[in-house]
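Summary of the model geometry
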Amino acid sequence: MLVTVNPQTHQILLTNIPRDYYVTLHSYGQLDKLTHAGIYGVNESMSTLEDLIGIDIDYYARVNFSSVETIVDALGGITVNSEYAFSAGGYSFSAGSNTLNGKEALAFSRERYSFSAGDRQRGKNQQAVITGIINKMISPSIITNYTNILSAVSDSFQTSLSTSEIQSLVRMQLNDMSSWDIQTYSLDGSGASRSTYSYGSTPLYVMIPDQSTVTQAKTYIDAMESGQRITVTE
């Protein structure tokens, strides 16, 4: 997930890239699934995405399954909008607004078999969870207590953002308490069976990128970085 943030326009763009995207690994020059770039470290994932879309990525944040639970519970739960009604992990979700705790948010984020779009819809659901986390984090009751929240989740994620940079962003939000416009976009492609660098000649399911969606993602990101406000259409 690429997150583009413009503090001046108060816009955030969440760009989902399917994990099975068939991309060229930056350091090895070979085709592989995007998710396999992580085998070679965060920097390989970042560089591979930079090559794919033609942008510079400044920072990263990395979480795992238990991190999602910890962060959502530390925030006292989140509100998530679901496109579909479905069940997963022993929980049921309705179309529209859902209030979720950590375990529910994780189940919502992980499910893909309930949808004809599979991993594409899972990516959109993860965007919905991130949107819910952001909206809860900037609420007055949470942002004014940010030191305790950060302390509670400090062991739940890794990031290249420094403590001073995080504090600067929080202070900016505290100074004006402005709302944020969160836009979402998803890259697309077509399924295929291909060999990969990490698994040799064994054919694996991959997604061949739809270049028009890659180009559109770059257009949105470039516009945001230049200070323009965007409206995503899919």
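Remember, predicted model here, so these are calculated numbers, not experimental data. (Residues numbered from 1 in each chain as written. Predicted model: local features only at pLDDT ≥ 70, side-chain atom pairs only at ≥ 80, totals over all residues. Heavy atoms only, no water.)

Regarding the side chain of T131
Positionally, T131 belongs in helix α4 (residues 119–137). You can call T131 buried: its relative accessible area is 18%. The contact partners of T131, leaving out residues within four places of it in the chain, are L14 and I182. (Helix = DSSP H or I, 4+ residues; strand = E, 2+ residues; numbered from the N terminus. Buried < 20%, exposed > 50% of the residue type's maximum accessible area, 1.4 Å probe, protein only. Contact = heavy atoms within 4.5 Å.)

Points about the sheet that holds strand β2 (residues 11–16)
Spatial strand order, β1-β2-β11: 3 strands in an open sheet with mixed pairing. Bordering the open sheet on either side are β1 (2–6) and β11 (181–186), each of which pairs with just one other strand. On average, each strand axis in the sheet is inclined to that of its neighbour by 15°, with strand direction left out of account. Pairing of β2 with β11, which is carried by 6 bridges, proceeds in the parallel orientation. By the bridge assignment, L14 is partnered in β11 with T184. Packing of helix α8 (residues 211–225) onto the sheet brings it into contact with β1, β2 and β11, and relative to β2 it is tilted by some 160°. (Pairing = 2+ DSSP bridges. Axes fitted to C-alpha atoms, helices over the stretch in contact; angles between N-to-C directions.)

A look at the side chain of T213
Its location among the elements puts T213 in helix α8. Assessed through its relative accessible area of 10%, T213 is described here as buried. Side-chain polar atoms of T213 contact the backbone oxygen of D210, separated by 2.7 Å. (Polar contact = N/O pair within 3.5 Å; in protein donor to acceptor, adjacent residues only side chain to side chain.)

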